[in-house]
Amino acid sequence: MRENLTTEGSYFLAKWLDGTISDTKLRTLVSEKDFIDFKKLKNGLDLLGQLNRSVKPSFISVKSSINQKINVKKTQKSFKWGLSIAASILIIFGCYFAFNSLDTSYETSYAEQKTIKLPDGSEVMLNAKSVINFTQKDWDTNRSIQLKGEAFFKVKKGSTFVVQTPKGQVTVLGTKFNVKHTHAFFEVVCYEGKVSVKNDKNEHILNPGNSIRKIDGNDSEKYTSKKLFPSWVNGESSFVSVPLNYVILELEKQYNIEIDASKIDESIIFTGSFSNKDLKLALASVFKTMNIDYIKDKNGVLSLE
Amino acid sequence: MIKNLNNICNQKVFEKLFNTHAKDLRRFLFFKTQDMNLAEDILQDTFIKLWDHCNNVNPAKAKSFLFTVAKNMFFNYKKHEKVVMNHQKRAPKSSNYETPEYLLVEKEFLVKIEEAISTLPEKQKEVFLLSRMENKKYKEIAEIVGISVKAVEKRMHLALLKMKDKIGDV
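These figures come from a predicted structure and were not determined experimentally.

**Q** Which parts of the structure should I look at to understand the overall build of chain B?
**A** Helix and strand counts for chain B come out as seven helices and zero strands. The secondary structure elements of chain B, listed N-terminal to C-terminal, are α-α-α-α-α-α-α. Split into buried and exposed, the 170 residues of chain B put 26% on the buried side. Here the analysis covers contacts within chain B between residues at least 6 apart in sequence; of these, 51% occur between residues at least 24 apart.

**Q** In this structure, what is going on with the overall build of chain A? I would like to understand it.
**A** Helix and strand counts for chain A stand at seven helices and 18 strands. Across the 305 residues that make up chain A, the buried fraction comes to 28%. Considering only residue pairs separated by 6 or more positions, chain A has 38% of its internal contacts joining residues 24 or more positions apart.

**Q** How should the packing of helix α5 (residues 122–132) of chain B against helix α7 (residues 149–167) of chain B be read in this particular structure?
**A** Think of two packed helices as two axes; the pair is described by the angle between the axes and how far apart they sit. Residue and element names in this part refer to chain B. Between α5 and α7, the shortest axis-to-axis distance is 9 Å and the interhelical angle comes to 95°. With respect to each other, α5 and α7 are oriented roughly perpendicular. Along the contact surface, α5 presents K123, Q124, V127, F128 and S131, while α7 presents V152, R155, M156, L158 and A159. Across the contact of α5 with α7, the residue classes break down as six nonpolar, two polar and two charged.

**Q** Would you explain the nonpolar core in this entry?
**A** The nonpolar side chains of a soluble globular protein tend to be buried with one another. Ranked by internal contacts, the top residues of the largest apolar core, which has 26 residues, are A151(A), V170(A), F177(A), V188(A) and V195(A). Mapped by element, the contributors of at least two residues to this core are β3 (123–126), β4 (131–135), β5 (143–154), β6 (161–165), β7 (168–172), β8 (176–182), β9 (185–192) and β10 (195–198) of chain A. Sorting elements by how many residues they give to this core places β5(A) first, with five residues. When near neighbours in sequence (up to four residues on either side) are disregarded, V170(A) contacts V162(A), V163(A), F177(A), V179(A), V188(A), V195(A) and V197(A). With 24 residues, the next largest nonpolar core counts V55(A), L29(B), A39(B) and L50(B) among its residues.

**Q** Would you mind showing me how to read the interface of chain A and chain B here?
**A** Size of an interface: often given as the accessible area lost when the parts come together. At the junction of the two partners, chain A supplies 30 residues and chain B supplies 36 residues. When contributions to the side of chain A that touches chain B are tallied by element, the ones reaching two or more residues are α1 (2–7), α2 (12–18), α4 (32–52) and α5 (56–101) of chain A. In terms of residue count, the dominant contributor to the side of chain A that touches chain B is α4(A) (15 residues). Of the residues contributing to the side of chain A that touches chain B, the split by class is 16 nonpolar, nine polar and five charged.

**Q** Can you help me understand the pairing of strand β13 (residues 221–224) of chain A in this one?
**A** One face of the sheet, then the other: side chains in a regular strand alternate in exactly this way. Residues and elements named next belong to chain A. Examined bridge by bridge, strand β12 (residues 210–215) and β13 share four bridges and lie antiparallel to one another. Within β13, the position partnered with R213 by the bridge is E221. Between β12 and the antiparallel strand that follows it, β13, lie five residues; D216 among them carries a positive phi value of about 50°.

**Q** How should I be thinking about the environment of I264(A) in this particular structure?
**A** All names here are of chain A. With respect to the helices and strands, the residue I264 is situated in the loop between β15 (258–260) and β16 (269–275). We classify I264 as buried; it has 21 C-beta atoms within 10 Å. Spatially, the C-alpha atom of I264 lies 6.7 Å from that of L304, the residues being 40 residues apart in sequence. Once you skip the residues sitting within four places of it in the chain, I264 turns out to touch I292 and L304.

How each quantity is defined
- Residues numbered from 1 in each chain as written.
- Chains lettered and ligands numbered in written order.
- Predicted model: local features only at pLDDT ≥ 70, side-chain atom pairs only at ≥ 80, totals over all residues.
- Helix = DSSP H or I, 4+ residues; strand = E, 2+ residues; numbered from the N terminus.
- Buried ≥ 20, exposed ≤ 12 C-beta atoms within 10 Å, placed from the backbone.
- Contact = placed C-beta atoms within 7 Å.
- Axes fitted to C-alpha atoms, helices over the stretch in contact; angles between N-to-C directions.
- Parallel < 35°, antiparallel > 145°, perpendicular 65-115°, else oblique.
- Nonpolar A, V, L, I, M, F, W, Y, C, P; charged D, E, K, R; others polar.
- Core = buried A, V, L, I, M, F, W, Y, C linked by C-beta atoms within 7 Å.
- Pairing = 2+ DSSP bridges.

That's the geometry; what it means functionally is another story.
Here is the structure:
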């Protein structure tokens, strides 16, 4: 048997291992028991070969799975990036619109007057210590101004022009009018065109020369004036039957002075005017006529007696 | 990325761990599964899991992590296989154990083969390993070793004979 296996000149076992000789052929060359042993041996060898084969292909495949995972993470990251970019754009646009719709504001200090041209060519003359706010965006379709203090408006024809004060709302089409609002004093004088004055309860239509005012808790009162524009435009503050405290307020605004009126009765009614350019003249024209003495003290406060 | 040479998240460290343990793990998995393809799948999944936990596993403990994970994955697979088979009402493969092709390869038998190879004469061993482990053709081996193809065949033939004698009745 052994001789038989070794003396075979063609080294059939090598050829069988190689696959050039089939199992069936081998069976004819060796005994059945030998065949089974060889076959088992070959299986074991094949398996050993497989187990010992390089792990490089496995590593490559593991690596590609890992890279896929990393890529998934990365795309999630870039998705987040995209989100934050979108958010930034939103914020930028938001800021743009917010600033665009933000109020434009003009303010006058003590003893200061300003004339402001609005986007449509209308004019606002701001008296001393007054503020207006308005939105430049959409001005043509939404002419709306918030006012604190006193202003004279020359409104060009166009869409509804609204002046809002805490005391009431003045709506006009094209006209000249004066709106004054200080503390509890609210006065509208119409010089040209038609003006509608609305507060919480009532609406009043003012024709040229008509005025309306509301002082403190009193009812609104209407009166007429023949002037073509408010006197302050010409450097004069005029009052018709106004409590003295509002006149004093106006003096303080026009001259940036402090007046101590604690010793006098401020509710006296005053009719008249004072110059906005000459303090001495102004004080004389108000207080001399009212029989009130005025002394400037060390701190520069004007005391009334 | 992470430069720390002691962190598995470092790709170099990870690759080194793979090269050190992959073969042992594959062998381990094969004897559990008796299925080369399944062993390969679990091997890859195990290393992917190692990568997922690369920040939490100490490189010194990587080996035990790998073998534990591989074992658990194998058990999970078996559980799943059982469920699938119950569901399909299908009996496990009925192998014909009478023909040698289906003989189960035991771990001990492989060890015996390895021992037998190591006792081969140097010249036969060289040729035999090139052929069986490196998958080289006889012609290539002839070129590498610098002998004729006939001489290669002779060495292979004799090597196999010797191994059968050595292992004896299996």
